[in-house]
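# Remarks on the overall topology
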Amino acid sequence: MRNSDNQDTNHAVVIVGWDDHFPKEYFIDPAQNDGAWICYNSNIGSQGYGYLSYETYFRDPVAFSVTDEYSDVLSYDCGTEIDSFLYYGEDDGVTLANVFDKPGTLSAVGVSSLLPEENITIEVYTDDFSKLLYSQDAFLEYSGYHTIKLDKPLEVDKYALAVRYTGPAPLESDSFGFKNTNDITFKSVIKKGQSYVLLGGKWKDLADNDAKELLQTDFTPKNACIKALYTN
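Remember, it's a predicted structure, so these values are computed and weren't measured experimentally.

The next thing to look at is the overall build of the protein. The helix and strand tally for the protein stands at one helix and 15 strands. The buried share of the protein, reckoned over its 232 residues, is 42%. For the protein, long-range pairs separated by at least 24 residues make up 71% of all intrachain contacts whose partners lie at least 6 apart in sequence. For the protein, the accessible area works out to roughly 13,800 Å², and carbon and sulfur atoms hold 48% of it.

On to the pairing of strand β9 (residues 144–165), then. If a strand is regular, its side chains alternate between the two faces of the sheet. Pairing between strand β6 (residues 94–113) and β9: 17 bridges, direction antiparallel. Across the sheet, residue L106 finds its bridge partner in β9, namely L154. Pairing of strand β7 (residues 118–126) with β9 involves seven bridges; the strand directions are antiparallel. The residue of β9 that forms the bridge with I122 is V163.

Take a negative patch on the surface next. Taken together, the side chains of D101, D127, D128 and D157 make up a negatively charged region of the molecular surface. On the accessibility criterion, D127 (33% relative accessible area) is partly exposed.

Further remarks concern the side chain of D77. Mapped onto the fold, D77 is located in the loop between β4 (72–74) and β5 (85–86). Of note is the side chain of D77, whose polar atom sits 3.3 Å from the side chain of K227. Contacts of D77, omitting those with residues within four sequence positions, involve E172, N223, A224, C225, I226 and K227.

Turning our attention to the nonpolar core. Formed by 35 residues in total, the largest nonpolar core has its most connected members in L96, Y159 and L161. Of all elements in the fold, only β6, β7, β8 (132–140), β9, β13 (195–199) and β15 (227–231) reach the threshold of two or more residues within this core. Ignoring anything within four residues of it in the chain, the contact list for L161 reads L96, A97, N98, F100, L106, V109, I122, E123, V124, I226, K227 and A228.

By the definition in use, this model includes six salt bridges. One salt bridge connects D77 with K227, and the closest N-O pair in it is separated by 3.3 Å. Of this pair, D77 sits in the loop between β4 and β5 while K227 is found in strand β15, placing the two residues 150 residues apart along the sequence. A relative accessible area of 10% means that D77 is categorised as buried.

In this section: the packing of aromatic side chains. For any two aromatic rings, the description comes down to two numbers: the centre-to-centre distance and the angle of the planes. Throughout the structure, instances matching the rule amount to 11 aromatic pairs. A centroid spacing of 5.3 Å and a plane angle of 50° characterise the contact between F22 and F27, whose relative ring orientation is tilted. The same class applies to F22 as to F27, namely buried. Between the aromatic rings of Y40 and Y49, the centroid separation amounts to 4.7 Å while the plane-to-plane angle is 45°, which identifies the pairing as tilted. Each residue in the set F22, Y26, F27 and Y51 is aromatic and connected to the rest through ring pairs, giving one cluster.

Moving on: the sheet that holds strand β1 (residues 14–19). Taken in spatial order, the three strands of this open sheet run β1-β2-β3, and their pairing is antiparallel. Of all strands in the sheet, those bounded by a partner on one side alone are β1 and β3 (49–53). Adjacent strand axes in the sheet meet at a mean angle of 35° when their direction is disregarded. Both strand β2 (residues 36–40) and β3 contribute to a ladder of five bridges, which runs antiparallel.

Here we come to unusual backbone geometry. Here the phi dihedral of F129 falls at roughly 65°; this positive angle occurs in a residue that is not glycine. Looking at the element boundaries, F129 is found in the loop between β7 and β8. Phi angles above zero are rare outside glycine, and Q216 is one such case at about 60°. Mapped onto the secondary structure, Q216 falls in the loop between α1 (211–215) and β15. The exposure class of Q216 is exposed, given its relative accessible area of 72%.

Glancing now at a nonpolar patch on the surface. On the surface, V14, V16 and Y49 cluster together into a nonpolar patch covering about 320 Å² of accessible area. Examined against the element boundaries, V14 turns out to sit in strand β1.

Reading the values: the criteria
- Residues numbered from 1 in each chain as written.
- Predicted model: local features only at pLDDT ≥ 70, side-chain atom pairs only at ≥ 80, totals over all residues.
- Heavy atoms only, no water.
- Helix = DSSP H or I, 4+ residues; strand = E, 2+ residues; numbered from the N terminus.
- Buried < 20%, exposed > 50% of the residue type's maximum accessible area, 1.4 Å probe, protein only.
- Contact = heavy atoms within 4.5 Å.
- Areas by Shrake-Rupley, 256 points an atom, 1.4 Å probe, with all protein chains shown as cover.
- Pairing = 2+ DSSP bridges.
- Patch = residues over 30% accessible without salt bridge, like charges linked within 9 Å, V, L, I, M, F, W, Y side chains within 5 Å.
- Salt bridge = Lys/Arg side-chain N within 4 Å of Asp/Glu carboxyl O.
- Lys, Arg positive; Asp, Glu negative; His and termini not counted.
- Charge placed at Lys NZ, Arg CZ, Asp CG, Glu CD.
- Polar contact = N/O pair within 3.5 Å; in protein donor to acceptor, adjacent residues only side chain to side chain.
- Core = buried A, V, L, I, M, F, W, Y, C linked by side-chain atoms within 4.5 Å.
- Phe/Tyr/Trp six-rings, centres within 6.5 Å; stacked < 30°, edge-to-face > 60°.
- Axes fitted to C-alpha atoms, helices over the stretch in contact; angles between N-to-C directions.

Shown next as structure tokens:
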């Protein structure tokens, strides 16, 4: 049971619940008010549950949600890390896209954001990007993964799903894993015709050999981290 306003952080925990009536007197360090987050610290195993005062400083909080509302989730990436976000065109942001080939009802889009607040635009094109079929703005209230429901679910077949970011865009790198350990490392694979980035008004295939040079990244770019969610 801890309370701290120390802004030096070096570890992540998962918030699994809260208790608005947790007595302030129970904290090792005094708190001004009752209330605590119920947290789980994986470093301690089954005994890793504890309480952190609402007054405790959290740096870079990230929220995730789980749902069984959707029947299919289409994606090419296996994930991203904070150092593989794409910074390009600071004033105009970044636009990434995936081309998917599956008939059905597109009902939502899964995106990740590095910023605590961000405006994005979701766009659906024909698979050759020649015609815009759908567009919707969205506001992301926190960093992390988001499921954005479409205002009007769209019947699709083969199509391009694009996201225009006002900030850094989530792009899969060539490999990633747990830093400073040898536990697990993921090796990413990309194929032609899967993921694209908008450069100078033209769509560039991220599988092209010159993509890294054109984007001026210190990692080899792979797939765009954009997911298409279907309903039956």
